[in-house]
Amino acid sequence: MKLIAGNPGKRALNAHEPQPRTDLAAPPAWLTERQQATWREVVELSPPGLLKDVDASVFAVWVVAFDLYQEASAKLARTGMLIKAPNTGVPMQSPYLAIVNRQAQIMLKAAAEMGFTPASRSRVVVKRDAIVADDPWGAIAGGG
């Protein structure tokens, strides 16, 4: 995209950027069943060629953070944002709120690294093996 737009940021282009070849595989065995299901679902929904095996550690961070985010969000929905302090009975922030907020930060950071956010996705170019014959814009859009 930088080449097409004339490299508006004027940053040097890396002609020797490494190109990982192997697509992301099955989830690691150490993930919980729910995390493994999330892994498979997100890999299936991701654009072809976006996630590579070399991205597994960052993707695992995102998957675990997403799982913890879901769990803490469900518990927060049950308890509410304020709970009574155990010793004094004074209202205090639910500890689940801090967990939800922290996991959201982790998810967003990992998501941006992998091209999962709308802004980061617009900066990702996925190389395709071949340009679709009926797509005259394929070569311009990075299709080959």
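Residues numbered from 1 in each chain as written. Predicted model: local features only at pLDDT ≥ 70, side-chain atom pairs only at ≥ 80, totals over all residues. Heavy atoms only, no water.

Peer 1: Teacher, can you tell me more about the overall build of the protein chain here?
Peer 2: Broken down by element type, the protein chain carries five helices and two strands. N-terminal to C-terminal, the α/β element order of the protein chain is α-α-α-β-β-α-α. The proportion of buried residues among the 144 residues of the protein chain is 25%. Carbon together with sulfur atoms contributes 59% to the accessible area of the protein chain, which is approximately 10,400 Å² in total. (Helix = DSSP H or I, 4+ residues; strand = E, 2+ residues; numbered from the N terminus. Buried < 20%, exposed > 50% of the residue type's maximum accessible area, 1.4 Å probe, protein only. Areas by Shrake-Rupley, 256 points an atom, 1.4 Å probe, with all protein chains shown as cover.)

Peer 1: Can you help me understand the pattern of salt bridges in this one?
Peer 2: Note that side chains of opposite charge can pair when their charged atoms are close. Scanning the model with the defined rule gives three salt bridges in all. Two residues, K52 and D23, come together in a salt bridge whose shortest N-O distance is 2.8 Å. Taken together, the residues K52 in the loop between α2 (33–45) and α3 (56–79) and D23 in the loop between α1 (2–5) and α2 connect sequence positions 29 residues apart. In this structure, the salt-bridge partner of D67 is R34, at a minimum N-O distance of 2.4 Å. Remark: R34 occurs in helix α2 and D67 occurs in helix α3; sequence separation between them is 33 residues. Note on D67: relative accessible area 8%, which makes it buried. (Salt bridge = Lys/Arg side-chain N within 4 Å of Asp/Glu carboxyl O.)

Peer 1: How should α2 be read in this particular structure?
Peer 2: Counted at 1.5 Å a residue, the expected span for α2 with its 13 residues is 18 Å, and the 18 Å between its end C-alpha atoms agrees. Looking at the buried residues of α2, the elements they touch are α3. (Expected span 1.5 Å × (residues − 1). Contact = heavy atoms within 4.5 Å.)

Peer 1: Honestly, the confidence of the model for the protein chain in this entry has me stumped. Any pointers?
Peer 2: Should the pLDDT be low somewhere, the predicted coordinates at that spot are not to be read in detail. Mean pLDDT over the protein chain works out to 83, with 73% of the residues at or above the 70 mark. Here α1 stands out as the element of the protein chain with the lowest mean pLDDT, 46, in contrast to α3, whose mean of 97 is the highest. Long-range and interchain partners of residues 1–5, a stretch whose pLDDT sits below 50, account for eight contacts in this model, where long-range means more than four residues apart. (pLDDT = per-residue confidence, 0-100.)

Peer 1: I'm lost on the nonpolar core in this one. Help?
Peer 2: Considering soluble globular proteins, one finds that nonpolar side chains tend to be buried as a cluster. Residues W39, L51, F59, W62, V63, M114 and F116 are the most contacted members of the largest nonpolar core, which totals 16 residues. Counting residues per element, the ones that place at least two in this core are α2, α3 and α4 (95–114). Looking at which element gives the most residues to this core, the answer is α3, with five residues. Discounting chain neighbours no more than four positions away, the residues touching L51 are D23, L24, V43, S46, F59, M114 and F116. (Core = buried A, V, L, I, M, F, W, Y, C linked by side-chain atoms within 4.5 Å.)

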